[in-house]
Structure formats: C-alpha cells, structure tokens
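Read off the chains here:
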Amino acid sequence: MTSWMRRRDHNIFTNVSSLLICGLLAGVVVAAAAFPAVAMSGLAAKAGGQTFASLPSELKAASAPQISRIFASDDKTQISVFYDEFRSDVPLKDISKYMQQAIIAAEDHSFFDHNGVDLKGVARALVSNNSGKTSQQGASTLTMQYVRMSLAYSATNPQEVVDATKDTPKRKITEMKYAMQVEKELSKEQILESYLNQAPFGNGSYGVFAASQVYFKKKPKDLTIAESALLASMVKAPTAFNPTTASGHPQAVARRDYVVQDMLEMQYITPAEAKKATETPVAKTVQRAGNGCVSVAKNHWGFFCDYFYRWWLSRDEFGATTYERERRLKSGGYRIRTSMDIKAQAAARENIADRLGEKNKNALLLAGIQPGTGKVRTLATNRRFKLDDPANPQNKISSDPAKAKKKIRGTYPNTTNPLMTGGGDITGYQAGSVFKIFTIVAALENGYPLAYSINAPKKYLSKYITEPGPATCGRYYCPMNANLRAGGVLNMWSAFGRSTNTYFVPLQERVGAEKVVNVAKRFGIQFRAQSDAKYAATEESAHQWGAFTLGVSSSTPLDMANAYATLAGDGMYCDPTPVEQITAQNGDKLDVGKPHCVRATTPDVARAALDAARCPVGDSPQTGSCNGSSTESRAYNTIRHPIYGKTGTTDGFKTTSLIIGSSTLALAGYMVNPDYQNHPDRMDHEVVNPAVYQAMADYLKGTPKVEFKKPESRKLSIGDQRSIPDVTCSTVAGARARLEGSGFSASIGVEVESRCPKGTAAGTNPSGRTIKGGYVSIEISKGNDKDKPGDDDGPRRPGRPGRR
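Residues numbered from 1 in each chain as written. Predicted model: local features only at pLDDT ≥ 70, side-chain atom pairs only at ≥ 80, totals over all residues. Heavy atoms only, no water.

Caption draft 1: Spotlight on the pairing of strand 5 (residues 335-338). Side-chain alternation along strand 5 places Ile336 and Thr338 on a buried face and Arg335 and Arg337 on a face that remains uncovered. With 3 bridges joining them, strand 1 (residues 68-71) and strand 5 adopt parallel strand pairing. Along strand 5, the bridge assignment pairs Arg69 with Arg335. Alignment of strand 5 against strand 17 (residues 579-583), held across 4 bridges, turns out to be antiparallel. (Buried < 20%, exposed > 50% of the residue type's maximum accessible area, 1.4 Å probe, protein only. Helix = DSSP H or I, 4+ residues; strand = E, 2+ residues; numbered from the N terminus. Pairing = 2+ DSSP bridges.)

Caption draft 2: Up close: the sheet that holds strand 18 (residues 589-590). Strand order in this open sheet of 5 strands is 2-1-5-17-18, and the pairing throughout is mixed. Looking at which strands have only one partner, the edges of the open sheet turn out to be strand 2 (78-82) and strand 18.

Caption draft 3: Expanded view of the state of the cysteines. Summed over all chains, the structure comprises 5 disulfides. With a sulfur-sulfur separation of 2.1 Å, Cys293 is cross-linked through a disulfide to Cys305. As the torsion about the S-S bond is roughly -80°, the Cys293-Cys305 disulfide counts as left-handed. Remark: Cys305 occurs in helix 14 (residues 302-313) and Cys293 occurs in the loop between helix 13 (271-278) and helix 14; sequence separation between them is 12 residues. Of the two residues examined, Cys293 and Cys305, each falls in the buried class. Across a sulfur-sulfur distance of 1.9 Å, Cys729 and Cys756 are joined as a disulfide pair. (Disulfide = S-S within 2.5 Å.)

Caption draft 4: Up close: the packing of aromatic side chains. Per the stated rule, a full pass over the model turns up 23 aromatic pairs. Between Phe111 and Phe112 the ring centres are 5.0 Å apart and the planes differ by 70°, which places this aromatic pair in the edge-to-face class. Aromatic side chains Tyr448 and Tyr452 sit 4.9 Å apart centroid to centroid with 80° between the ring planes, which places their arrangement in the edge-to-face category. In terms of burial, Tyr448 and Tyr452 fall into one category: buried. Among the aromatic residues, those joined into a cluster by ring pairs are Phe82, Phe308, Tyr309, Trp311, Trp312, Phe318 and Tyr334. The side chain of Lys188 reaches across the aromatic face of Phe111, ending 4.6 Å from its centre. (Phe/Tyr/Trp six-rings, centres within 6.5 Å; stacked < 30°, edge-to-face > 60°. Lys NZ or Arg CZ within 6 Å of the ring centre and 35° of its normal.)

Caption draft 5: Looking closely at the nonpolar core. Judged by nonpolar contacts, the single largest core of 101 residues is most densely connected at Trp312, Phe438, Ile440, Tyr503 and Leu507. The element best represented in this core is helix 14, accounting for 9 residues. Discounting residues that sit within four places of it in the chain, Tyr503 has contacts with Tyr452, Ser453, Ile454, Ala456, Leu490, Asn491, Met492 and Ala495. In terms of nonpolar packing, the next biggest core, distinct from the first, is built from 60 residues, Phe86, Ala102, Met149 and Leu192 among them. (Core = buried A, V, L, I, M, F, W, Y, C linked by side-chain atoms within 4.5 Å. Contact = heavy atoms within 4.5 Å.)

Right under this line is the structure:
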C-alpha cells in the first residue's frame, strides 16, 4: 500500500470478530449477488437465519443539502448564498466527461460491470484487511458510497448519522443490500450523477459544482483532465489530500497523478494527455464560497440580507423552531427573489456616504418601502455590516458613559445590529413630529376636517396630567412651539406644514389621545420600548399620553416609512416583507412572503391626510392651501414629483428625521446615536434632510410623475363650511359677540395696519368662510392708514391652491 491510502487501527480482537462476521455475511452477499433467488432462501437461512433478509433494502428518499441563493428584485443580481454544505446539483450532461471518468478511475474501476457490489473487491478486502497488515483496502463501490451518503442525509437524528457512517460489518452489509436494490431502480448514469452531486471534495465544497467553483472558479462542464483527476483524488480523504495545507499538498499531487495513471490504464486518455496532466501544477490556494449575510456581494447589502434572514427565521411556514427554519434555508436549494431594489439601495447608500462617514459615532439610517405592497426596497446606513473582531477590534469605545466605564465598544464602524428595522435590544428612536400624522388621521376619522382651525398660542396649557418636567405647568403638560412663537389660527394643512406643536396637542386632546395611539398601532408602530408599551397597552393609559403626538415614542425608520406608505397605499397597511418570490428546488413557487395587507383606515381619510402631508415638503395640496407653510421646501424643489412627508426633531435635537413619500416609495431617514440616545450632541437636519430628498430624487429620476388621488368627499377637506360675519371696524366686543353668535370660537389676534379706528376690529383671520365651530381670530386695527399701498378694508379671501 502507498502512503496516500487511508489507514485504520484494528486490534486483534476486532480483527477476529470482523473476520468471523464478514466471513459469515460475505457468503450471503456473494450468494445474493450471484444467485439472488437461492440466497434469499436456503443459503440465507444456513448462513445467518433471517439476518440478511431482514435488512432493509429500500433507501429513504432524501436529497442532499443544496445552496439557497438570494437575489435582488431584478432576479439577476445575486446578494448572497446560504448553505450548510456548499452544494448545487447539476445534471450529468453538464459535468465534464473527464470528471466522470476520473471518479470511476479513482473509486470504482468495475462500476459499469457490477450490480452494486464488487464481489472480487469484497473478497480481496476481507483477506487483506484481516491478514494483519497495517494498511487497509476498501470494497465500497460508487453505488455503496452513494448509499452511505444517502443514509446520512436521510437521518432524522445524530445517532442515525453515526450509524450510517460508522465502520462496522453491519453497516457494510446494510450498504451492500441497499446498493443492489439501488442498481435495480436507477441506471448507472443516474447513480453516477447522484454520486458526483453528493460527494465531499474538501474546503467546504460538496458536489462537483461547488468543487469546481472553490478550486477552479469554473463550471463542472469545463473541467480539464488534470482538474478532474485532482477533484476525484480528494473524495477518498478530503482532509488528508487538501492541497492548501503543507502536509496535504504533496499527497494531493501524488494522489492526482495516481488517478491520471489509472485513467490512462483504463484507456480514458492518451499517454500525451496523461503527461500533460501530471505536469500541471496544483495550486496551494482556493477561494472558499461566502456564506450568509457577512459574505454579501456588496457590504452595504448586508443590512437588507440580515433583515431577510431574521424574517425567514420568524416564519412558521419553514419549521416549528428557528433551528428547523435555518436548516431549511441552508439546505433547501431555494431561489429567493427579494424585494431589495438595486437603484433605491444604491441611491440611499451613496447619499448617506456623501454626508456621514463610517467612523462617525452618529448614524444616518434610511429605510424605504413600497406603498400598497409592504415590499422593503432599501435599508442603508453609514456602518459596515461586519462583526467586530474581539482579537483585533476596530470599533471605538461606546459613547454611552456607563458602557465606556466598562470598556464596552460601540457599534461603529462595524455592526450587524438591525439599526433600521429593530429587533433584539434595538427598540427604536424618538423621531419627533413625524408622529403628528397619526393625529391628523384620527381627527379625520372622528369628524374633524383638514380645514379645522385652532388658534395656536406660544405655549398651550393642556388638561393632560403628567410628571413635573420642562414642559409642565404645575401638574399639567404645557408644550411650546419650537420657534418660541405663537402659531396663530391654523388648520391641518398649515399647522402640519409649520409643525406647530400648540395646534396638534389641543387637536389630539379633542380627538382623544387613545384614538391617536390606536391609529399608530393600525399603521404598524410596534411600541417595542417597555415604557411605550405600558402607555399603549389600554385606552385608559393612552388617554393621558399628552406628548404622543409630538413623537416621544420610539420607532424605527422602517416602521415610519411603512406608516407613511399606508397613506399612498389608500389606507391599506401591508406587513413589511423582504421577499418577492420564493422558488423551491423542484420549481414550485411558494406562497410565502407575498403582500399581506389590511385596511388601516378608509381610502378617503388616507387621501386627505396625504394631502395635508404635502405641505411640509414644499409640495402643494389638491384640496386646500399650505399658506406658505413648509419645513423642508427643498424636497419638492429637488425631486419635482408629487410627494408628501414630514420633518421631525426631538428635544435638544437628539434625533432629527425626514420622511418623504411618492406613489412608488416611502423613504424614512433618521439621524441618531444608536449607542447612547441621551447624548449631548445636536443632530443636524442639514445632514439627514438632503440625504433623504436627494436619494428620493435619484430613485425617481427618469420615471413618470404620478399624481395622488383626491378624496372623494369634500367634507374631509373643508368640512361643513359657514360664512364668517364681516366685522370690519366693529368694536372688539361687538365683533366677538357676532362671531360667537354665528357658532365660531373667537379670539383676539394680532395688530395690523388698517383704515379702521385704532383698537377696533380690522378684520378676521380667516375671512370669508371657515369650518363650523372653527376658530376665528379678530385682528386689531393700529389706526387710520388709508394711504398705505395695498391696504384693503374688505375681508381677506383665501388664496387658491396651485402647484409650485
């Protein structure tokens, strides 16, 4: 025996036992192979009773683990692969004839002559292996080896795997009987194909397709004689003949040359071809296939890949436990077309990179989702998707002082945390005034139209009882506006455009905070933080959540992108999904991950709320007027498509956010410190806002402009309108009496230049018509100013809406 042969240790007692058992059963096998009918009757009884006959002969149908591949939404761009064993089956016609010949030369010269068991080989191995020699001979045919692998892959528990591979006479005899049955059911070509697709080739490759990729970066049909011989040589002992190790390389070369010589002796190749093959150098390096989300084609795709992976593990359709689900993903051979849009992902990542580096402790998080389907199109941030190496850490010490004292490292530049989507210990981030949209929806659902007016003061004393703090007056919640000025008489269009706190807190108060919280739940807000969940648990607890409309509850960019997508989806909330289509190995298309949508609000309410949401981002509503109100007019000026959205800022600018929606994408951006949310830094709208609106502009470039649908009912927009009495030049007391007598809530407004006597009513704001029961502010005259250009004693008329 040469040095490359596999050696096993046998003591004298084992050898004697093996000789007795194998001698007994080999007689049965030989008889069964040569004289099946006789062996199964008299000879079997004489040689061992019912032992051989009682052995199973029908092999369980089990396919070897296959690679699952995930692709972008274009179904062409591969994101990553998942596998337990790197393997992908290929038909025999797509495998080089040299590879087919090489494996026969290496493992089973008599493959095309026997019926599953090589009788001469069995006898030769029995004599040799029990003769006291240190080297051992095998008698396993390709068919028997195929049986052994199949038994291992069909195992349902670890012990069955051990039994299928343990070197015992019983296992050998079982393989023999199975092999004879397999030969009756499958052709030689089918057996050879199955063997080549299951065999281990080392370095993480299983099956000839994987081996061709790992060792030679080519397809199996393109393998040369030298390459085929090398691969065939490694099946016997992949670790010992590993060409990438110092001890394995010379053995791999010797074994390769041995196989080439056998191919020559079997007349598969010519002497010239054999010489060329043995002169071919054997490389000492290979390229192991990447596996999972840490091996994505582009690093920034890792966060989407991880979102898909977590989604898969959460689905009961793939198994009762996470272990079963993971095994199915890594062995099922699925082709998965995900929802990740290459254009949207590139736009998000590039605009983040332009504004914030990977080594910045602050994170710019973007998440995009398609309205009406819930398909997640992009997840991007200024982080590398990578586990930080504890032996050679790159991450900085955490910015959280408590963690910093313990030398705990932060999440920059490397992390695999689900920063954009939440999960694990990521509960989300306060996002500020983007939550005001839930108050608008709740108000519309409860009979308050967009034209509903409120006189918004500088500070509003609410009836919400709360703990003492900066925004309390005694025991009551009393928020102020961010600009520290009064808002005046506003409706939902103008108040949302200006983001006036002292409009939305009283509006929430009238609607009921519990109803606003209920809208947020219907729109997909998760309330992951324990303190938020406590408030949101019941109507009673939510009723006193006065600050909810100002965005004090934690959320993720994906949560809020999907909430705003519900508006463009005509009020249909769709569970976020990372999947377009899952195709099984047999070609069946699975009905898992398809859009699952439920009605969150009526189409008209969604359309009306969206109309108000056009004001903050500089677009013009179709049913009202923003009155020049916008917190980010550059958004529409840059994008030039119909859009809607909202900016958000938390106390002390600890978080800044911007959400922009179109008919095809809702994109949410947060600027946060994910390691320490109570940080002292001031987050910058000049970072997050351009990143979001420019990413949306890049995504929509070259696409048609799609207008949003108008609400069918005008009442949701303008409500029950009433004429406002003309109180020009009336006394203030008289003006108030007339207005309140007409059913309006009157208040004293600002002083203005007027032709009316000083101290009298110069007019009203609004003038003309407004909602029944709405607020009307009495403007006070500064005195006679008839020569002032542009003065007008008549009532002011609301401007006609029009697109900018």
